[in-house]
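What follows is the residue order along each chain.
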Number of protein chains: 4
Amino acid sequence: MKPIDAVIVGGGVIGSAIAYYMSARGIKVVLLDRDRVGSQASNAAAGMLAAQAEITEAGPMFDLALASRTLFPQLSTDLKELTGIDIGLKRRGLLRVAMSDVDVTDIQCTLDFQKKAGEQAEWLSMEQVRHKEPSISSEIRGAMLIEEDSQVDAPELCSAFAQAAAVLGAQIKEFTEVKSLLLAEGRVTGVITSEGTIRADQVIIASGTWSGSLLTQAGLTCPIYPVKGECFSVLSHAPLVQSTIFSHGCYLVPKKGGRLVVGATTTSHSYDRKVTLGGIGNLLDASKQLLPCIVDAEWERAWSGLRPQTLDGLPYLGEHPYWKGLYVAAGHYRNGILLSPMTGKIVADWAEGKIDKNISLDSYRVDRHENVHFEKEGVPS
Amino acid sequence: MKPIDAVIVGGGVIGSAIAYYMSARGIKVVLLDRDRVGSQASNAAAGMLAAQAEITEAGPMFDLALASRTLFPQLSTDLKELTGIDIGLKRRGLLRVAMSDVDVTDIQCTLDFQKKAGEQAEWLSMEQVRHKEPSISSEIRGAMLIEEDSQVDAPELCSAFAQAAAVLGAQIKEFTEVKSLLLAEGRVTGVITSEGTIRADQVIIASGTWSGSLLTQAGLTCPIYPVKGECFSVLSHAPLVQSTIFSHGCYLVPKKGGRLVVGATTTSHSYDRKVTLGGIGNLLDASKQLLPCIVDAEWERAWSGLRPQTLDGLPYLGEHPYWKGLYVAAGHYRNGILLSPMTGKIVADWAEGKIDKNISLDSYRVDRHENVHFEKEGVPS
Amino acid sequence: MKPIDAVIVGGGVIGSAIAYYMSARGIKVVLLDRDRVGSQASNAAAGMLAAQAEITEAGPMFDLALASRTLFPQLSTDLKELTGIDIGLKRRGLLRVAMSDVDVTDIQCTLDFQKKAGEQAEWLSMEQVRHKEPSISSEIRGAMLIEEDSQVDAPELCSAFAQAAAVLGAQIKEFTEVKSLLLAEGRVTGVITSEGTIRADQVIIASGTWSGSLLTQAGLTCPIYPVKGECFSVLSHAPLVQSTIFSHGCYLVPKKGGRLVVGATTTSHSYDRKVTLGGIGNLLDASKQLLPCIVDAEWERAWSGLRPQTLDGLPYLGEHPYWKGLYVAAGHYRNGILLSPMTGKIVADWAEGKIDKNISLDSYRVDRHENVHFEKEGVPS
Amino acid sequence: MKPIDAVIVGGGVIGSAIAYYMSARGIKVVLLDRDRVGSQASNAAAGMLAAQAEITEAGPMFDLALASRTLFPQLSTDLKELTGIDIGLKRRGLLRVAMSDVDVTDIQCTLDFQKKAGEQAEWLSMEQVRHKEPSISSEIRGAMLIEEDSQVDAPELCSAFAQAAAVLGAQIKEFTEVKSLLLAEGRVTGVITSEGTIRADQVIIASGTWSGSLLTQAGLTCPIYPVKGECFSVLSHAPLVQSTIFSHGCYLVPKKGGRLVVGATTTSHSYDRKVTLGGIGNLLDASKQLLPCIVDAEWERAWSGLRPQTLDGLPYLGEHPYWKGLYVAAGHYRNGILLSPMTGKIVADWAEGKIDKNISLDSYRVDRHENVHFEKEGVPS
């Protein structure tokens, strides 16, 4: 059997995307997860591709988000062909709704930036919003419409990435925990797992909020902390809304089959994934304010996930400054779904020694939060 | 094989209790359900044995409820012995909580009646309630404590009745729908089902809110309509309360394993069993008022059931006035769990030709809502 | 509100397809189900569109099956557009596998007929089969390849039909049981349901194996009996086979996401839907013979459904000979998924007074199993 | 708040039992689990208390098993009182069945030892077995009956231990992963977890097959490896058997409510918890041989768990030879349920500085598999 070229640690949407893009280029990868692929945050996400909805200034995240969003239409076709899975790409636009004067001002600011940046964005009055979405509350003050902010079904996306990788030859090893990295002579040479040692010249750490111990072993200070998000879903025969509705601490994402996902709370710094009654209550109150008729919809279920957050809100994307072949792609917070194709592509480029000049990744460097001195002998001090 | 003595139509808690009590006396019964045993209201009930909590006057229901409640301790032992199932009988009392002056007056009235009737009941001040249940809101005005109003796990009770009947020789036929009654010469002689004809000298209609078409076929006007009740449950490691807490439109029933059941809404006249977001919202708000710390508990799940209600709130219990051997035991509304043992015992008495003189069943007659004239030839007009 | 034009009784794939095709033509329909839409056989089907695999002679079923199969590609696009649901249409062909000399002879006979009928079908040697599907057992004797016998995801199809109908204006009323038909002056005028009376000039009975009591009320003798089919599914990261594999008493249908459905047993004349251990055992043994490596796949789950079978194996499709406006579309046995689009189209044609001359429906007449004499006064005798 | 006395790492049945026994003595403990309490092997166990069924010689395991078995009756009462949970203790005996001459010889050997050891055990002929259990196959050669080898419901036991501990004041922290031990000056002083540092003078490692990295950190060589066991369950209204039936690679454990658990396969050295089709097939074939009528029972579900096995088959029970206050209680293989009360009691004794002289624990020492030299400064080399 051909030896392994790369080990990907973490089977969330980021790791799975990397496995897919690398496999598509003929790189022999193994994708490891300590539980099942897609069993954590990726499975809990609402799947908004909200590249524009909240960004008010130019910067690396804006570029990366836009670049990644453009990859979805082709990706959707490719993954369907390879796996039969439809990722549910839905391009019916996003309404960022204003509930107060302050909201109107904030949204206007975002709108101005988006237009200056050359992106589509449009202000709708309450009446225009209700013409488009008749069920929305007449208490709203208006909304910004972003036609291009589409959405996908997050669990399907993650699953399709992993399946497509498998079809293309990747090995997927679930219930396999990485205990430590093999590091020698300035290179990574593999990993030690609960199922034995795997040797490879490239190792990609993509374990989201669980990346900590391997990063520490590699001498990196990349603090990633969990931010729990609780969601619930309701069902109706005909959809209650067509667009994604986005407001303070609450968004409504219409899915296929009459499902409407309501998200999401934010609770930082704990790995506790329990959905609380209070969390549901807060979302319920907020969603009723936006869409009064939601109270008549059928309850489906509640769930939660842990978003991997960083100190500056940007993911860590890059090669280790000392240990060659060791890459990090983690800390995507609530943008993991949106950024997954671009992240996968970038890591696959690295693996092939290519660099995409169009995208500056300097802001994402893995050593940006430390002042590491690498002594001779190469041991991080 | 010994021929069937009796056919019981409906495998809810009432039909299952009847099957158990009849089987225990050596009567050969078959218990039919169009779906699975215990798949409807009995499985959704919170299981309160609230014989005293709401009754303010003497009457047939009060007597029946008290008589049935006293059967539970022995029943619990017997069912455990036969089936291994623990029905979760818990005797930690019920607090009927006053939230307003009007509540205080109402509860005082119930309290007075209970004492006159010789039953235990006691007023506790807010401080006394909080001494007993420290997590309860300090906004309450006090509560009536009823030590004897215990509770059971409703799904386990229904399942244990049916299993115990099976162990004692009853046949249980699920997915078997009764199409019509066989009636001839003033007697019931069996039923026609989706799986064929079953002949028996006794047929007991115990199908709750689905009893209508057979009752109609028998010429009876016993209107039973569905009243949907929605519930949800939360979990905590240590129980939030010890007692059952009972108030306006909301009760909190502590179950084994740190589960707390919150019930129940009331929506009449539809068979739609969907749990609505609005129903959950109402219960959530009411439960927070009683027990503020409930918001920190873990969400478990939501469900609903259809209580079989009658025009006067009393079940139909009795033999058909014309067709001998045809019995009705249906329409127990939200007292089915509480009344199930006594109902089972009464029907088993009838089957043996016995009459318990201590309990007057006149108020429960099946022909109380009509003025039926039975002509010669015996056809109900 | 616009009055109802048509009532469709039964929310399986047939009723849902009818609701969709009628709604698409602007007909105002209400779709009724006593439980939930798609909760019975349609949800249990493996979704093969096996129009050719077993048919050895020309006849009405062959024509109808081929005509229906051609509707799927466009249908798939339309339903995705309306509901976002992907019905999983997969066109990777079907292999009908020979395990013995007798099989070879039987399959050759089918093959000859298919070729004579001008349809694609091809014999593959064991080596050719294994070239196409390397995991298949080397014990097989060869197989007939039918490229056009594709498949869909049955639950998604049924759900998409119903949702699309709702989007197009149909009312969907679940938990609504039809008690009786309203028949007067040679016409159907509506139905009496558990939720009240609904008046309409057209009523379509599409309740599969539960159609009996309404058919009886209408004076028809259309015996439809249940045939339970048990299935299970397994999972793997990369698909074990690409084609549908079809043999004696066992078929393997590869689904998206690495799922492989193994079906199906046949147990006649009972409504019992329980999956038995013996049923699973039989399928397990048969599937191992076809695909030895299946033992390493991950167990997912088992389920069952009740196929509605008729005496001559053909569905009942037609208008009542006496009661105008009363249509029957039931008894599709294991061809309900395949025949659903054509059935929906045909019923919608009838509702509009059109007749598709290309398809003869005489063999499907609802009164073919009786010799009904309609007396003056028009009461079926 | 009172400071923590002891940290228990791992919320399986062993850790939960320790938490219960320590809490019952007023020791302030915190019980940690990286997922949920009881989410692994303890939840998958069939719950046999088979102290005698397989043991053929005197030794430490025999003594410990018998001592632990005697604790269950009182434990059952205590846990019910504290938590309302019934652990399903069922004392209907165990039949170890012989299928061949070799089996007869083996069982006779066990029987002889049991009698010599003064324990009850009895040989039954095939006819006697079938008199007791009429459904058992007539192909069997006889069986050893052990009246005292009872059983419990494993998930309920684990849950009841943890709940009872919580009621008695223990803190239960789920989703909390222990990253490392705090060791200083010859003592354990606490743990570093994913949720922060917890200081305590006693730390008990009870993480079953996941204990490895902490043991390694403590300088211990206590190899514990996973052995996957797959099971399934079937349902019937009346129980198919009363006794536990035990044979080669297959046991049948009757549970309350007509459930029969069939276990268990053994697959060593992988953390993969997937249930394979082949695993089910093997159990199915073996169970059919013992109990032919099982094929008619209803399929319920399949599951698996990872038993923590050691090189000599004995658990590690003891204090660390160097780091005072650090205890290990792990590696109970398939005897965790049976040994849990005695293990909990022993660790609670240690925590109080008591030693039960009746039980020799020398065979269970944590340093029995190494020849550790503790250098000056006490760092394990």
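Keep in mind that what you see is a predicted model, and the values were worked out from it rather than measured.

Q: How do you make sense of the sheet that holds strand β6 (residues 171-173) of chain A when you look at a structure like this?
A: The pairing of strands in a sheet happens through backbone hydrogen bonds and is either parallel or antiparallel. Residues and elements named next belong to chain A. The mixed open sheet is built from 6 strands, whose spatial order is β6-β2-β1-β10-β18-β17. Of all the strands in the sheet, the pair left with one neighbour each is β6 and β17 (316-319). When strand polarity is set aside, the average angle formed by the axes of neighbouring strands in this sheet is 15°. Summarising the sheet, strand β1 (residues 6-9) and strand β2 (residues 29-32) pair through 4 bridges and their orientation is parallel. Note that in β2 the partner of Val-9 across the bridge is Leu-32. Relative to the sheet, helix α1 (residues 13-24) contacts β1, β2, β10 (202-205) and β18 (326-330), its axis offset from that of β2 by approximately 170°.

Q: I would appreciate a short explanation of the nonpolar core in the present structure.
A: Nonpolar side chains in soluble globular proteins tend to be buried together. Residues and elements named next belong to chain B. Counting residues in hydrophobic clusters, the biggest one holds 60 residues, and the most contacted among them are Ile-18, Met-22, Leu-64, Leu-79, Leu-157, Phe-161 and Ile-204. Secondary structure elements with two or more residues in this core: β1 (6-9), α1 (13-24), β2 (29-32), α3 (60-69), α4 (72-83), α7 (154-167), β18 (326-330) and α10 (336-351). Discounting chain neighbours no more than four positions away, the residues touching Phe-161 are Val-13, Ser-16, Ala-17, Tyr-20, Tyr-21, Leu-75, Leu-79, Ser-340 and Pro-341.

Q: How do you make sense of the relation of the copies chain A and chain C when you look at a structure like this?
A: In this structure, two copies of a chain are linked by a rotation about an axis accompanied by a shift along it. Each copy of the sequence occupies a distinct position, and chain A is placed on chain C by a rotation of 180° and an axial shift of 0.0 Å, giving an RMSD of 0.0 Å. What we have between these two chains is a two-fold relation. Judged by C-alpha distance, Asp86(A) is the residue of chain A that lies nearest the rotation axis, at 3.3 Å. Same-surface contact between copies: 100% of interface residues of chain A are shared with the interface of chain C.

Q: Would you explain the relation of the copies chain B and chain A in this entry?
A: Superposing chain B onto chain A takes a rotation of 180° combined with a translation of 0.0 Å along the rotation axis, leaving an RMSD of 0.0 Å. Of all interface residues in chain B, 100% are interface residues in chain A too; the two copies therefore contact each other through one and the same surface.

Q: Looking at this structure, how should I read the packing of helix α1 (residues 13-24) of chain C against helix α7 (residues 154-167) of chain C?
A: Think of two packed helices as two axes; the pair is described by the angle between the axes and how far apart they sit. Residue and element names in this part refer to chain C. With their axes 8 Å apart at the nearest point, α1 and α7 run at an angle of 35° to one another. Once α1 is placed against α7, the crossing between them reads as left-handed. Taken together, the residues of α7 that come into contact with α1 (itself represented by Val-13, Ser-16, Ala-17, Ala-19, Tyr-20, Tyr-21 and Ser-23) are Leu-157, Cys-158, Phe-161, Ala-162, Ala-164 and Ala-165. Within the contact of α1 with α7, the residues separate by chemical class into 11 nonpolar, 2 polar and no charged.

About the cut-offs
- Residues numbered from 1 in each chain as written.
- Chains lettered and ligands numbered in written order.
- Predicted model: local features only at pLDDT ≥ 70, side-chain atom pairs only at ≥ 80, totals over all residues.
- Heavy atoms only, no water.
- Pairing = 2+ DSSP bridges.
- Helix = DSSP H or I, 4+ residues; strand = E, 2+ residues; numbered from the N terminus.
- Axes fitted to C-alpha atoms, helices over the stretch in contact; angles between N-to-C directions.
- Contact = heavy atoms within 4.5 Å.
- Core = buried A, V, L, I, M, F, W, Y, C linked by side-chain atoms within 4.5 Å.
- Buried < 20%, exposed > 50% of the residue type's maximum accessible area, 1.4 Å probe, protein only.
- Least-squares fit on C-alpha atoms with pLDDT ≥ 70 in both.
- Left-handed = near helix turned anticlockwise from the far one by under 90°.
- Nonpolar A, V, L, I, M, F, W, Y, C, P; charged D, E, K, R; others polar.

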